[in-house]
Amino acid sequence: MQKSNEPWEMLADKKIWAFLGDSDRELTQDYVRLMFIELFNRVKNLEMENNTLKVLLFQYELVEEKVFFDALSAVREFFREWDEERAKEVDFYSKSGISFVDWAAFVKEGKFDKSYLKNN
């Protein structure tokens, strides 16, 4: 028999976003644990796929290693700059008086209406 508080809904992205956006729901240890398991699983899959693609690219000489690592360096620099801009944006929102719940609704639906978080 399934317990009613088991976090099965945390296995679907749409439900995860709805759950995280609902400020009235408590993040229990079970939910947090399952989110970390799912996140870790996705990171490990990305890591394996990334390394598989590198092996194929280098083994079949589709891309020279130097070109790959130069591109990787450029992408890292891009994301460093992007993260700095994102930090400025976060500072703006935190100083604007917009609540985090309203911000989450805006990110998810493009509207400052938290009812969207609970209905979807």
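Look a little higher up for the structure.
Nothing here was measured: the structure is a model prediction, and the numbers come from that model.

A.B. asks: Report on the overall build of the protein chain, specifying residues and quantitative values.
C.D. replies: Counting secondary structure elements, the protein chain contains 5 helices and 0 strands. Counting every position in the protein chain, which comprises 120 residues, the buried fraction comes to 15%. Across the protein chain, the fraction of contacts at a sequence separation of at least 24, relative to all contacts at a separation of at least 6, is 27%. Entry remark: accessible area of the protein chain is about 9900 Å², with carbon and sulfur atoms responsible for 58%.

A.B. asks: Which residues make up the packing of aromatic side chains, and what are the values?
C.D. replies: Under the defined criterion, the tally for this structure stands at 6 aromatic pairs. Ring plane angle 85° and centroid distance 5.2 Å describe the contact between Phe-78 and Phe-79, whose orientation is recorded as edge-to-face. What makes Phe-78 partly exposed here is its relative accessible area of 47%. Between Phe-79 and Trp-82, the aromatic rings sit 6.1 Å apart at their centres with planes inclined by 75°, giving edge-to-face as the arrangement. Taken together, the residues Phe-79 and Trp-82, both in helix α3 (residues 65–96) and 3 residues apart, mark about one turn of the helix. Taking relative accessible area as the criterion, Trp-82 reaches 46% and is therefore assigned partly exposed. Grouping aromatic residues by their ring pairs yields a cluster made of Phe-58, Phe-68 and Phe-69.

A.B. asks: Residues and numbers for the pattern of salt bridges, please.
C.D. replies: Where charged atoms from two side chains of opposite charge approach closely, those side chains can pair. In the structure shown here, the tally under the stated rule is 9 salt bridges. Among the ionic pairs, Glu-47 bridges to Lys-44, the shortest N-O distance being 2.5 Å. Of this pair, Glu-47 and Lys-44 both sit in helix α2 (residues 29–59), separated by 3 residues, roughly a single helical turn. Using a relative accessible area of 38% as the deciding quantity, one classes Glu-47 as partly exposed.

A.B. asks: Run through unusual backbone geometry, naming residues and quoting values.
C.D. replies: Not every positive phi belongs to a glycine, and Glu-61 is a case in point at roughly 50°. Mapped onto the elements, Glu-61 comes out in the loop between α2 and α3.

A.B. asks: Please set out a nonpolar patch on the surface residue by residue, giving values where relevant.
C.D. replies: Taken together, Leu-53, Leu-56, Tyr-60 and Leu-62 make up a surface patch of nonpolar side chains, about 450 Å² in accessible area. Position of Tyr-60 among the secondary structure elements: in the loop between α2 and α3. A relative accessible area of 55% means that Tyr-60 is categorised as exposed.

A.B. asks: Provide a residue-level description of the environment of Asp-13, including the pertinent values.
C.D. replies: Mapped onto the secondary structure, Asp-13 falls in helix α1 (residues 13–21). A distance of 2.4 Å separates a polar atom in the side chain of Asp-13 from a polar atom in the side chain of Arg-42.

A.B. asks: Account for helix α4 (residues 100–109), with residues named and values stated.
C.D. replies: Those residues of α4 that sit buried are Val-101, Ala-104 and Ala-105. Axial view of α4: buried residues confined to an arc of 100°, hence all on one face. Two or three places before Asp-102, at the opening of α4, Ser-99 has a side-chain oxygen 3.0 Å from that residue's backbone nitrogen. Positioned one or two residues after α4, Gly-110 has a phi angle of 80°, which is positive.

How each quantity is defined
Residues numbered from 1 in each chain as written. Predicted model: local features only at pLDDT ≥ 70, side-chain atom pairs only at ≥ 80, totals over all residues. Heavy atoms only, no water. Helix = DSSP H or I, 4+ residues; strand = E, 2+ residues; numbered from the N terminus. Buried < 20%, exposed > 50% of the residue type's maximum accessible area, 1.4 Å probe, protein only. Contact = heavy atoms within 4.5 Å. Areas by Shrake-Rupley, 256 points an atom, 1.4 Å probe, with all protein chains shown as cover. Phe/Tyr/Trp six-rings, centres within 6.5 Å; stacked < 30°, edge-to-face > 60°. Salt bridge = Lys/Arg side-chain N within 4 Å of Asp/Glu carboxyl O. Patch = residues over 30% accessible without salt bridge, like charges linked within 9 Å, V, L, I, M, F, W, Y side chains within 5 Å. Polar contact = N/O pair within 3.5 Å; in protein donor to acceptor, adjacent residues only side chain to side chain. Arc of directions from axis to C-beta.

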